[in-house]
Amino acid sequence: EALPLLKAAVESEPNPRFRAWAMLLLGDLKRPELAEEVFLPHLKSDPVSSVRANAAAALGLLGGYAAELTEASRKDPDPLVRQIAKEALAKKEDR
C-alpha cells in the first residue's frame, strides 16, 4: 500500500514539491485518521506553503475542522493557503 510511503514523503522528503504532491495524494485518499496525524500539524506549521495549502484541501474533503480552516483562511501568511482554506470551507457549506 502507498499510504506509508506517502506519509514518509510528507514527513521527511527534502524536496518541497514532492512533499506537496504527497500531501495532495494523501488528501485524495479521504482517510479521516490522517486529519489529526498528518493534515492538521502540517496546516498549522509546515514551512512550505504548498504543503499547507494541500493540507487545507485535504481537510476540506474530509469535512469538519471548520475552526482550523477558518484560522488558516484568516491568518496564514501565504495568500494561496488562505484561498484554499476558504474554498475548503465553502465546499463544506455546500454539503
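Within every chain, residues take consecutive numbers counted from 1 along the sequence as written. Side-chain atom pairs in this predicted model are given and counted only at pLDDT of 80 or more, local residue features only at pLDDT of at least 70, and totals for whole chains, interfaces and linings cover all residues. Excluding hydrogens and water, the side-chain figures rest on all heavy atoms present in the structure.

**Comments concerning the overall build of the protein**
Assigned secondary structure in the protein consists of six helices and zero strands. Numbering of helices and strands runs from the N terminus; a helix is a DSSP stretch of H or I covering at least four residues, while a strand is a stretch of E covering at least two. Along the chain direction, N to C, the helices and strands of the protein fall in the order α-α-α-α-α-α. Note on method: radius of gyration uses C-alpha positions; expected globular size equals 2.2 Å times residues raised to 0.38. For 95 residues, the compact-globule estimate of 2.2 N^0.38 gives 12 Å, and the C-alpha radius of gyration of the protein, at 12 Å, lies within 12% of that figure. Its C-alpha atoms put the protein at 30 × 25 × 15 Å along the principal axes. Burial status across the protein gives 40% buried among its 95 residues. Whether two residues touch is decided by their heavy atoms; if any such pair falls within 4.5 Å, the residues are in contact. Considering only intrachain contacts with a sequence separation of at least 6, the fraction spanning at least 24 residues in the protein is 55%. Only the protein chains shown count as covering a residue, and every accessible area follows the Shrake-Rupley method with a 1.4 Å probe. Here the protein has roughly 5,400 Å² of accessible surface; of this, 55% comes from carbon and sulfur atoms. The positive charge centre, built from 14 side chains, and the negative charge centre, built from 15, are 4 Å apart in the protein. Whether a residue is buried, partly exposed or exposed follows from its accessible area with a 1.4 Å probe, protein chains only, as a fraction of its type maximum: under 20%, in between, or over 50%, in that order. The charged-residue count follows a simple rule in which Lys and Arg add positive charge and Asp and Glu add negative charge, with His and chain termini not counted at all. Where a charge lies is defined by one atom per residue type: Lys uses NZ, Arg uses CZ, Asp uses CG and Glu uses CD.

**Comments concerning helix H1 (residues 3-12)**
All of the buried residues along H1 are Leu 3, Leu 6 and Val 10. Within H1, the buried residues cover an arc of 70 degrees as seen down the axis, which keeps them to one side. Opposite the buried face of H1, at more than 90 degrees from it, the exposed residues are Pro 4, Leu 5 and Ser 12. Next to the buried residues of H1 lie helix H2 (16-29) and helix H3 (33-45). For this quantity, the arc is that covered by the directions from the helix axis to the C-beta atoms.

**As for the pattern of salt bridges**
Here, a salt bridge means any Lys or Arg side-chain nitrogen found within 4 Å of an Asp or Glu carboxyl oxygen. Applying the stated criterion across every chain yields a total of five salt bridges. As a salt-bridge pair, Arg 31 and Glu 1 come within 3.7 Å of each other at their nearest N and O atoms. Of this pair, Arg 31 sits in the loop between H2 and H3 while Glu 1 sits in the segment before H1, placing them 30 residues apart in sequence. One salt bridge in this structure joins Arg 19 and Asp 46, with 2.2 Å as the shortest N-O distance. A residue pair is termed long-range when its members are at least 10 positions apart, and Arg 19 in helix H2 and Asp 46 in the loop between H3 and helix H4 (49-62) qualify at 27 residues. For Arg 19, a relative accessible area of 10% corresponds to the buried category. Each of Glu 1, Arg 31 and Glu 33 takes part in a single network of salt bridges with overlapping partners.

**Considering the packing of H2 against H4**
Interaxial distance between H2 and H4 falls to 8 Å at its minimum, and their mutual angle equals 0 degrees. Taken as axis vectors, H2 and H4 run roughly parallel relative to one another. Note on element contacts: H4 touches H2 through Ser 50, Val 51, Asn 54, Ala 55, Ala 58 and Leu 61, opposite Pro 16, Arg 19, Ala 20, Trp 21, Met 23, Leu 24, Gly 27 and Asp 28. Classifying every residue of the contact of H2 with H4 by side-chain character gives nine nonpolar, three polar and two charged. Working convention: axes come from line fits to C-alpha atoms, limited for helices to the stretch in contact. Angles between N-to-C directions cover 0 to 180 degrees. Between 65 and 115 degrees an angle is taken as roughly perpendicular, under 35 as roughly parallel, over 145 as roughly antiparallel, and anywhere else as oblique. Gly is put with the polar residues, along with every residue not named as nonpolar or charged; the nonpolar set is Ala, Val, Leu, Ile, Met, Phe, Trp, Tyr, Cys and Pro, and the charged set is Asp, Glu, Lys and Arg.

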